[in-house]
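Coordinates in review
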Amino acid sequence: MTTIHPGMVFGPLLSDDIDGASAELLTKMINGKIPALPDAYFTVVDVRDIAKLHVESLTNNKSDNKRIIATSPKGINIMEISNILRKNGYVKAPKNFIPTKMINSLAPFNKEMKSMAAMVNRGSYDADITETISIFDWKPIPLEKTLIDMGSSLKQIECKWTNKRVMTKVLLHLQIHNLTTINFNSTMISQSRKEIYV
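Here the structure is a predicted model, which is why all the values come from computation and not from measurement. (Residues numbered from 1 in each chain as written. Predicted model: local features only at pLDDT ≥ 70, side-chain atom pairs only at ≥ 80, totals over all residues. Heavy atoms only, no water.)

Relative orientation of the contacting elements helix α1 (residues 21-30) and helix α3 (residues 78-87) amounts to 55°, with a least axis distance of 11 Å. Between α1 and α3, the crossing angle belongs to the class labelled oblique. For the pair α1 and α3, the sense of crossing is right-handed. Residues Leu25, Leu26, Met29 and Ile30 of α1 lie in contact with α3, whose contacting residues are Ile78, Ile81, Ser82 and Leu85. Split into classes, the residues belonging to the contact of α1 with α3 amount to seven nonpolar, one polar and no charged. (Axes fitted to C-alpha atoms, helices over the stretch in contact; angles between N-to-C directions. Helix = DSSP H or I, 4+ residues; strand = E, 2+ residues; numbered from the N terminus. Parallel < 35°, antiparallel > 145°, perpendicular 65-115°, else oblique. Left-handed = near helix turned anticlockwise from the far one by under 90°. Contact = heavy atoms within 4.5 Å. Nonpolar A, V, L, I, M, F, W, Y, C, P; charged D, E, K, R; others polar.)

This brings us to the pattern of salt bridges. Using the criterion set out here, one finds eight salt bridges in the structure. Between Arg48 and Asp46 there is a salt bridge, with its nearest N and O atoms 2.8 Å apart. Across the pair Asp126 and Lys74 runs a salt bridge whose closest N-O atoms are separated by 3.7 Å. Of this pair, Asp126 sits in the loop between α5 (111-122) and α6 (130-136) while Lys74 sits in the loop between β6 (67-70) and β7 (76-77), and the two are 52 residues apart along the sequence. In this structure Asp126 comes out as exposed when scored by relative accessible area, which is 53%. Through salt bridges with shared partners, one network takes in Asp46, Arg48, Lys145 and Asp149. (Salt bridge = Lys/Arg side-chain N within 4 Å of Asp/Glu carboxyl O. Buried < 20%, exposed > 50% of the residue type's maximum accessible area, 1.4 Å probe, protein only.)

Below is the structure:
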């Protein structure tokens, strides 16, 4: 058995579900919903690399009984991700950091800030992926490509949702219009019948 241990997973989505941590984060960054970022680091990996390593581990005996680390060799600052997004046209991605002093001062009173403080205070860190590269001859997808493809994927999903909302409004409008027409016609028929019998 082989166990694949990924960093934070980014990359294009297979479904319209954006409730995952990285999809939700990137969606908010792209749409300008996050005004500033914590000065935090984490290692990242493309979802397609994870899928590929899982498939290859089925036939590669060298990975048997191994714990395979699949992530970037160095921690990536979240602002680097935001800079890449802005460089590729996502101008609403944040430019500023949340002051670390503010995060630390709020941490004792807020669960989310406590978690954020732990990430910030950990600082940058590295991951040893030499064994992963050796066993699988692994060449990770570059971070910029991962983020570009994920951004495109999220835009397509957002477009689908927008179209669905528009169609829902149109259908609702048509239903209301049809009900009004039916009621109007029913009233006219009733009046006509009264006139006939009078």
